[in-house]
Amino acid sequence: MDSYRASGKLVRDRIPQIIREDGAEPVTYTAGPAEYRSRLRDKLGEEVAEFLTADEDAAPEELADVLEVVRALAADLGIDAEQLEKIRETKASERGGFAERIVWMGNR
């Protein structure tokens with residue numbers, strides 16, 4: 001089982017079931033808390049990379065995958081989606097969002 005731990009990757013909860021429905025038997029285990037947090041961070045990088053290389057048609061689905069991982073990371077930190085949204089709103093209220101497309105070039 002240790003070789004799978006070194007090379008495995010975090011997958012969505014229904015993936016083992018989908019693999020079984022396709023006629024294969026997946027080899028899985030449940031990650032402990034520290035490994036789960038580490039693998040979620042890795043997954044976020046993977047999903048962001050997929051979003052960055054996606055064309056306009058695939059981008060919304062890839063962005064939804066990023067959001068799914070962000071929500072899982074928040075839950076792992078003990079923050080639900082509502083609390084995360086409140087944190088985002090507070091930060092946007094204090095510092096603004098990105099709607100105005102401002103690019104900072106430094107100071108004079």
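That block above? That's the structure.
Across its full length, the protein chain holds five helices and zero strands. The secondary structure elements of the protein chain, listed N-terminal to C-terminal, are α-α-α-α-α. Since a compact globule built from 108 residues should have a radius of gyration of about 13 Å, the 18 Å found for the protein chain marks it as more spread out than a globular shape. Principal-axis analysis of the C-alpha atoms gives the protein chain an extent of 60 × 35 × 30 Å.

For the rest of this paragraph, the subject is helix 5 (residues 81-95). End to end, helix 5 covers 21 Å across 15 residues, agreeing with the expected 21 Å (1.5 Å per residue, within 8%). For helix 5, the N-terminal capping position is held by Asp80, with its side-chain oxygen 3.1 Å away from the main-chain nitrogen of Glu82. Once helix 5 ends, the next one or two residues include Gly96, with phi positive near 90°.

The subject of this paragraph is the packing of helix 3 (residues 33-53) against helix 4 (residues 59-76). Contact pair helix 3 / helix 4: the axes reach a minimum separation of 9 Å and the direction vectors enclose 160°. One finds that helix 3 runs roughly antiparallel with respect to helix 4. For the crossing formed where helix 3 meets helix 4, the hand is left-handed. Facing helix 3, whose interface residues are Tyr36, Arg37, Leu40, Arg41, Lys43, Leu44, Glu47, Val48, Glu50 and Phe51, helix 4 presents Ala59, Glu62, Leu63, Asp65, Val66, Val69, Val70, Ala72, Leu73 and Asp76. Considered class by class, the residues forming the contact of helix 3 with helix 4 number 12 nonpolar, no polar and eight charged.

The rules behind these values
- Residues numbered from 1 in each chain as written.
- Predicted model: local features only at pLDDT ≥ 70, side-chain atom pairs only at ≥ 80, totals over all residues.
- Heavy atoms only, no water.
- Helix = DSSP H or I, 4+ residues; strand = E, 2+ residues; numbered from the N terminus.
- Rg over C-alpha atoms; globule rule 2.2 N^0.38 Å.
- Expected span 1.5 Å × (residues − 1).
- Polar contact = N/O pair within 3.5 Å; in protein donor to acceptor, adjacent residues only side chain to side chain.
- Axes fitted to C-alpha atoms, helices over the stretch in contact; angles between N-to-C directions.
- Parallel < 35°, antiparallel > 145°, perpendicular 65-115°, else oblique.
- Left-handed = near helix turned anticlockwise from the far one by under 90°.
- Contact = heavy atoms within 4.5 Å.
- Nonpolar A, V, L, I, M, F, W, Y, C, P; charged D, E, K, R; others polar.

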